[in-house]
Amino acid sequence: MSTPSKDFEKVEVRLKWDPSPPGAPAHDLDIIAATYPADEPSGSPSYLVHFDSRSPDGTITLNRDSRTGQGLGFDEVMTLELERLSTAYARVVVGVVIQQREGRKTFGDIANTGVQIREGYTNLTEDDFSGVATATEATVAEFVRDGSGVWTFHGTVRGFDGDPGSYAAIMGNHKPGT
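Calculation notes
Residues numbered from 1 in each chain as written. Predicted model: local features only at pLDDT ≥ 70, side-chain atom pairs only at ≥ 80, totals over all residues. Heavy atoms only, no water. Core = buried A, V, L, I, M, F, W, Y, C linked by side-chain atoms within 4.5 Å. Buried < 20%, exposed > 50% of the residue type's maximum accessible area, 1.4 Å probe, protein only. Helix = DSSP H or I, 4+ residues; strand = E, 2+ residues; numbered from the N terminus. Contact = heavy atoms within 4.5 Å. Pairing = 2+ DSSP bridges. Axes fitted to C-alpha atoms, helices over the stretch in contact; angles between N-to-C directions.

**Points about the nonpolar core**
So, step 1. Residues Leu80, Val92, Val94, Phe107, Ile117, Phe129 and Phe143 are the most contacted members of the largest nonpolar core, which totals 35 residues.
So, step 2. Sorting elements by how many residues they give to this core places strand β7 (residues 89-98) first, with 5 residues.
So, step 3. Those residues in contact with phenylalanine 107 that sit more than four places away from it in its chain are Leu29, Val96, Ile98, Thr113, Phe129, Val132, Ala133, Ala135, Thr136, Glu137 and Ala138.
So, step 4. Counting 9 residues, the second-largest nonpolar core is a separate cluster that includes Ile32, Ala34, Val97 and Tyr167.

**Quick look at the side chain of threonine 35**
So, step 1. Inspection of the secondary structure assignment puts threonine 35 in strand β3 (residues 29-37).
So, step 2. Threonine 35 has contacts with Pro45, Ser46, Tyr47, Ile60, Leu85, Tyr89, Arg91 and Val92, leaving out every residue within four places of it along the chain.

**Notes on the sheet that holds strand β5 (residues 60-64)**
So, step 1. Ordered by their spatial adjacency, 5 strands build an open sheet running β5-β6-β2-β8-β9, and the pairing between neighbours is antiparallel. The open sheet has two free edges, formed respectively by β5 and β9 (122-127), since each of these has just one partner strand. For this sheet the average axis-to-axis angle between neighbouring strands, irrespective of direction, equals 20°.
So, step 2. When strand β2 (residues 10-16) meets strand β8 (residues 114-119), the two strands line up antiparallel, connected through 5 bridges. For glutamate 12, the partnering residue across the bridge sits in β8 and is arginine 118.

Right, here's the structure in full:
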């Protein structure tokens, strides 16, 4: 789903899921963001933001990180301060990966998954990953800056099957806005 809304400033990506059953390996889902340069918006990312990292300029930060899904509400939250992001960057792609340390897990294997993208108190989109149940990674949002500096949001959930490392390398390999 895409929205016709434009000119986003500060956006939150929020992720939730239920913990694994007692005695089973923990479900560990992570939000990842890739920032792309204006001169090559679908090439390799300039940098990635994920657990244990933040953007070099502090405009993209992971505020909350969970390795188990335990807690109430949203277990992981990433903030994107698009209005502060350098004009050298024209695209930010946000995805969710499932860590595969204890055997293959897909979104369909994990109960009550959900992602919410919001600006302030306005929900831009929500999804439960049911449309990508067999995937191990999913792109959940894309923000594209046009020539006048205005950010546009595209919220189509697109599933991938692989590992977090290979997903990070290809997550922006499509034409911006599609």
